[in-house]
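So you can see what is in the structure, the chains are spelled out below.
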Amino acid sequence: MKRTYVGSTIYHIYLSMLHILRDSAYSAEQLGNNLLFLVESTPMIETLIPNLKNQFFREVHIISERKDHVADLGKFNYSIRRKATLIPYLETKHPSLKAEKDFIKNSDLYLCDTDSSKSYFLYEFGKKGINMIEDGARTYRQRHSTFEQFVKSYVTKTPIGGGFDKAVKKLFAQFPDRLPIPLQKKAVELNIKKEVEKLDEKTKEEIFTIFLSDEALNIENQNNALILTQPISEDKVIKNEAEKIAIYRDVISKVPPNMNIVLKTHPRETTKYEDHFKNITVLPALFPIEILGLKKGFYFEQGYTLFSTALSNLEIVKQRFFLGKDYLDKFTVKATKDLIQNMVVDT
């Protein structure tokens, strides 16, 4: 079995690995021939490549992100002439795309979305039909109106995104019934909790050690509260970094004072929380929080986040608090406000 995956986050890598296992009937010895392209948006993500190649992927290639394309091609070309300009540009910038083209053509293709560098794969291979693996919370909302979808499809001829492109035949999602109604007919369930239940202990350990060593974590055994932070200043959905620190200072104040606070930084964040908050444990950034559920000994009485769907994935959290609505006035981007207001979560 040949498969090509294209993602940009640690979460995408984890879901891709779970999909490979399911598609291989959970046989870690027969994972097939898998190729991974990662968009360069998560700091230090390239450090995972040796471990990823040891088990799940034949090769892992890093490709550039949208801001580089816009800077090099210009806004007009990127917005109006993207298909004509992006394909030769990326193939010149990243020779691996040309080198792997025959393999991609003859493999099953799975994208985490169709934006940024990922639109290259839609343009080049969309006619054969492609699959999408969910992109977290934003997959569960309809980003564009019917008119905006029409403009993208027939005027600018740029990808719609979010699974709405006609070339996307299947959308693998954790919660298919929560997707926008037009997407539900494409949906195939890929639920982290259900997939992990089918893994043997050896496979769980192998996945865990791809991202972390046992020595990397120092968490108290009991009375812990987990806070999942998000790149809200990096993504420019709030005013600035100072606003972000103020928000998380207020979140921390909501945790009962007798609890040990464990803060998990999002992989795309640049904030050094240990410089701002004392007497808390700050975990490494470059791993999906969901993998703590692969090993015994990790448990949290409470979990807090603004709007990260990762909290819903954690069986090791007893009580969950989604606090985004408490800070709605702090967000400056309408799409983010809409996402927070319309979230359906497990508490």
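Residues numbered from 1 in each chain as written. Predicted model: local features only at pLDDT ≥ 70, side-chain atom pairs only at ≥ 80, totals over all residues. Heavy atoms only, no water.

Student: Tell me about the pairing of strand β1 (residues 2-7), and name the residues and values.
Tutor: Side-chain positions along a regular strand alternate between the two faces of the sheet. A large share of β1 lies buried, amounting to five of its six residues. With six bridges connecting them, β1 and strand β2 (residues 33-39) associate as parallel partners. Looking across to β2, one finds that Val6 is bridged to Phe37. For the segment spanning β1, helix α1 (residues 10-23) and β2, crossover handedness is right-handed. Pairing geometry for β1 and strand β4 (residues 108-111), over four bridges, is parallel. Paired with Thr4 across the two strands is Leu109, which belongs to β4. (Buried < 20%, exposed > 50% of the residue type's maximum accessible area, 1.4 Å probe, protein only. Helix = DSSP H or I, 4+ residues; strand = E, 2+ residues; numbered from the N terminus. Pairing = 2+ DSSP bridges. Right-handed = clockwise from strand over helix to strand, strands pointing away.)

Student: Tell me about the packing of aromatic side chains, and please be specific about residues and values.
Tutor: Tallying each qualifying case throughout the model produces 13 aromatic pairs. For the ring pair Tyr120 and Phe121, a centre distance of 5.2 Å and an interplane angle of 90 degrees mean the geometry is edge-to-face. Judged by its relative accessible area of 0%, Phe121 is buried. Judged by centre distance (6.5 Å) and plane angle (20 degrees), the ring pair of Phe208 and Phe298 falls under stacked. Taken as a pair, Phe208 in helix α12 (residues 201-211) and Phe298 in the loop between β10 (281-283) and β11 (300-305) lie far apart in primary sequence, 90 residues in all. Through successive ring pairs, a cluster of aromatic residues spans Tyr5, Phe57, Tyr110 and Phe172. One Lys or Arg, Arg178, reaches over the ring of Phe175 and ends 4.2 Å from the middle of that ring. Of note, Lys295 hangs over the ring of Phe208, and the distance from its end group to the ring centre comes to 4.7 Å. (Phe/Tyr/Trp six-rings, centres within 6.5 Å; stacked < 30°, edge-to-face > 60°. Lys NZ or Arg CZ within 6 Å of the ring centre and 35° of its normal.)

Student: Give me the lowdown on the sheet that holds strand β5 (residues 130-133), citing residues and values where you can.
Tutor: The seven strands are arranged β3-β2-β1-β4-β5-β6-β7 in an open sheet whose pairing can be described as parallel. The open sheet terminates on both sides in strands that have one partner only, identified here as β3 (59-63) and β7 (187-189). Going across the sheet, the axis of each strand differs from the next one's by a mean of 25 degrees, ignoring polarity. With five bridges connecting them, β2 and β3 associate as parallel partners. Bridge pairing in β3 links Leu36 to Val60. Strand contacts of helix α8 (residues 118-125): β1, β2, β3, β4 and β5, with the helix running at about 145 degrees to β4, the strand carrying the most contacts. (Axes fitted to C-alpha atoms, helices over the stretch in contact; angles between N-to-C directions. Contact = heavy atoms within 4.5 Å.)

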